[in-house]
Amino acid sequence: ITADHTLLERLHRNRRHFSALVATLRLPRARVSGSAIHSILIGSESLLRDVVRDLFSEGVWAEGLPMPAVARGEERLRFRVRACHE
């Protein structure tokens, strides 16, 4: 890893790409960060469950963070961008 920066460069490229795509969606509750972890506030456990299920059925993996992992009303999707994503 210290000698070959290919994975790190790919991770940063993927992170920038994901951030740009999320920005084009103009989701008012999306938190675009400089890290490889992005979250979108959903605010309802039942809606979160539906969104996670629908994304998964479309081949998109996102973590659902329901209560008690977050406060009630703060339920969110979490995306983890990785170097291996294409």
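What you see is a predicted model, and the numbers here were worked out from it, not measured in a lab. (Residues numbered from 1 in each chain as written. Predicted model: local features only at pLDDT ≥ 70, side-chain atom pairs only at ≥ 80, totals over all residues. Heavy atoms only, no water.)

A. Quick look at helix H1 (residues 6–25). The end-to-end C-alpha separation of H1 is 29 Å, in line with the 28 Å expected for 20 residues at 1.5 Å each. All of the buried residues in H1 are Asn14, Arg15, Ser19 and Val22. One face of H1 carries all of its buried residues, which in axial projection span an arc of 135 degrees. Exposed residues lying more than 90 degrees from the buried face of H1 are His17 and Thr24. Buried residues belonging to H1 abut strand S1 (30–31) and strand S2 (37–41). Phi turns positive one or two residues past the end of H1, at Arg26, with a value near 50 degrees. (Helix = DSSP H or I, 4+ residues; strand = E, 2+ residues; numbered from the N terminus. Expected span 1.5 Å × (residues − 1). Buried < 20%, exposed > 50% of the residue type's maximum accessible area, 1.4 Å probe, protein only. Arc of directions from axis to C-beta. Contact = heavy atoms within 4.5 Å.)

B. Structural detail: unusual backbone geometry. Here Met67 and Pro68 are connected by a cis peptide whose omega angle stands at 15 degrees. Mapped onto the elements of the fold, Pro68 is located in the loop between strand S3 (63–65) and strand S4 (76–80).

C. Local environment of the nonpolar core. Ranked by size, the top nonpolar core spans six residues in total: Ile40, Ile42, Leu48, Ala62, Leu77 and Phe79. Not counting residues within four places of it along the chain, the set of residues in contact with Leu77 comprises His38, Ser39, Ile40, Ile42, Leu48, Val51, Val52, Leu55, Ala62 and Glu63. (Core = buried A, V, L, I, M, F, W, Y, C linked by side-chain atoms within 4.5 Å.)

D. Local environment of the packing of aromatic side chains. Evaluated as defined, the whole model comprises one aromatic pair. Aromatic pair Phe18 and Phe79: ring centres 5.3 Å apart, planes at 45 degrees, arrangement tilted. Of the two residues, Phe18 sits in helix H1 while Phe79 sits in strand S4, which places them 61 residues apart along the sequence. Here Phe18 falls in the partly exposed class, since its relative accessible area comes to 21%. (Phe/Tyr/Trp six-rings, centres within 6.5 Å; stacked < 30°, edge-to-face > 60°.)

E. Just the sheet that holds S3, in detail. In spatial order, the strands read S1-S2-S4-S3; together these four strands make up an open sheet with antiparallel pairing. Two strands bound the open sheet, and with one partner strand each, they are S1 and S3. Bridge analysis of S1 against S2 gives two bridges, and the strand direction is antiparallel. Paired with Arg31 across the two strands is Ser39, which belongs to S2. Packed onto the sheet, helix H2 (residues 45–57) meets S3 and S4 and runs at close to 35 degrees relative to S4. (Pairing = 2+ DSSP bridges. Axes fitted to C-alpha atoms, helices over the stretch in contact; angles between N-to-C directions.)

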